[in-house]
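Residue-level structure breakdown
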Amino acid sequence: IAANSDSKTVAEFREKTMDRLKKAEAQRAQSDYETNLIKKAVENAKFEVPDVMVTQRANQMMDELAMNLEAHKMSLPLYLQYLGKDVKTYRDEQKPVALENIKTDLVLDAIALKEDIKVTEDEIRSEMEQLGAMHGATLKQVEKIVKENGSLAVLVSNIARRKAARVVIDSAKNAPKAEAAEEK
């Protein structure tokens, strides 16, 4: 293994591997901490979500799963067959996740509104560049897809929600500031 790395000795390889593992663990711990802060903010917000919204989100999750499976040359019915479930059962199992997603989105939207969070053109461009890099597409291709799908509002909402989440994280006691999280 060490022969396939840039390390000159086994000891150097071991040290680099340990460093990478420690950094990965620190990143995971920070991510877990931040996720728990957001979950706590959502738990503290008391409101009801209509069943129709939950069903709608569960259906959206099913559609996204179907698209992801198709991208990997698999169908939703075949996937569900492997799981030993039918569509209704699987959709019903997704409803608790859908509910939490909706609550999180609504809480972060409320924070973004209260904090007057704005999304800049540069942030939108950066997000599109990242999407392009993840999917092997150019910025122009991503812009075209976003325009054709009418999904600019979703993109802007996602950026605003991440910024609102950062407000929650940064305002928590002992929370590392955004710069510290970005240094990783």
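Rules used throughout
Residues numbered from 1 in each chain as written. Predicted model: local features only at pLDDT ≥ 70, side-chain atom pairs only at ≥ 80, totals over all residues. Heavy atoms only, no water. Core = buried A, V, L, I, M, F, W, Y, C linked by side-chain atoms within 4.5 Å. Buried < 20%, exposed > 50% of the residue type's maximum accessible area, 1.4 Å probe, protein only. Helix = DSSP H or I, 4+ residues; strand = E, 2+ residues; numbered from the N terminus. Contact = heavy atoms within 4.5 Å. Axes fitted to C-alpha atoms, helices over the stretch in contact; angles between N-to-C directions. Parallel < 35°, antiparallel > 145°, perpendicular 65-115°, else oblique. Nonpolar A, V, L, I, M, F, W, Y, C, P; charged D, E, K, R; others polar. Phe/Tyr/Trp six-rings, centres within 6.5 Å; stacked < 30°, edge-to-face > 60°. Salt bridge = Lys/Arg side-chain N within 4 Å of Asp/Glu carboxyl O. pLDDT = per-residue confidence, 0-100.

**Let's talk about the nonpolar core**
Ranked by size, the top nonpolar core spans 14 residues in total, and within it I38, L108, I111, A112, I117 and A164 carry the most contacts. Going through the elements one at a time, α1 (10–44), α4 (87–114) and α7 (152–171) are the ones with two or more residues in this core. Broken down by element, the residue count for this core peaks at five residues, all from α7. Once residues lying within four places of it in the same chain are set aside, the contact partners of L108 are I38, R161, A164 and A165. Counting seven residues, the second largest nonpolar core, distinct from the first, contains M62, L65, L69 and Y90.

**Topic: the packing of helix α5 (residues 121–135) against α7**
Helix-helix packing is described using two parameters, namely the angle between the two axes and the distance between the axes. With their axes 10 Å apart at the nearest point, α5 and α7 run at an angle of 105° to one another. It follows that α5 is roughly perpendicular to α7 by the angle criterion. On α7, the residues that touch E123, I124, E127, M128 and L131 of α5 are L152, L155, V156, I159, R162 and K163. Considering only residue class, the contact of α5 with α7 consists of seven nonpolar, no polar and four charged.

**Some words on the packing of aromatic side chains**
Taken as a whole and assessed by the stated rule, the structure comprises one aromatic pair. Between the aromatic rings of Y79 and Y90, the centroid separation amounts to 6.3 Å while the plane-to-plane angle is 85°, which identifies the pairing as edge-to-face. Placement of the pair is Y79 in helix α3 (residues 76–83) and Y90 in helix α4, with a sequence separation of 11 residues. Classification of Y90 by relative accessible area gives buried; the value is 12%.

**Here we look at the pattern of salt bridges**
According to the stated counting rule, one finds 17 salt bridges in the structure shown. The salt bridge partner of E12 is K16, with a shortest N-O separation of 3.2 Å. With E12 and K16 both in helix α1 and four residues apart, this pair spans about one turn of that helix. We classify E12 as partly exposed; its relative accessible area is 27%. Where D116 meets K118, a salt bridge forms, and the shortest distance between an N and an O atom there is 2.8 Å. Residues D116 and K118 agree in their burial class; the two are exposed.

**Describing the confidence of the model for the protein chain**
In low-pLDDT segments, the atomic positions of the prediction should not be examined closely. Of all residues in the protein chain, 91% attain a pLDDT of 70 or more, and the chain-wide mean is 89. At the low end of the mean pLDDT range in the protein chain sits helix α8 (residues 178–182), at 46; at the high end sits α4, at 95. Every residue in residues 178–184 scores below 50 in pLDDT, and together they form seven contacts with partners more than four places removed in sequence or on other chains.

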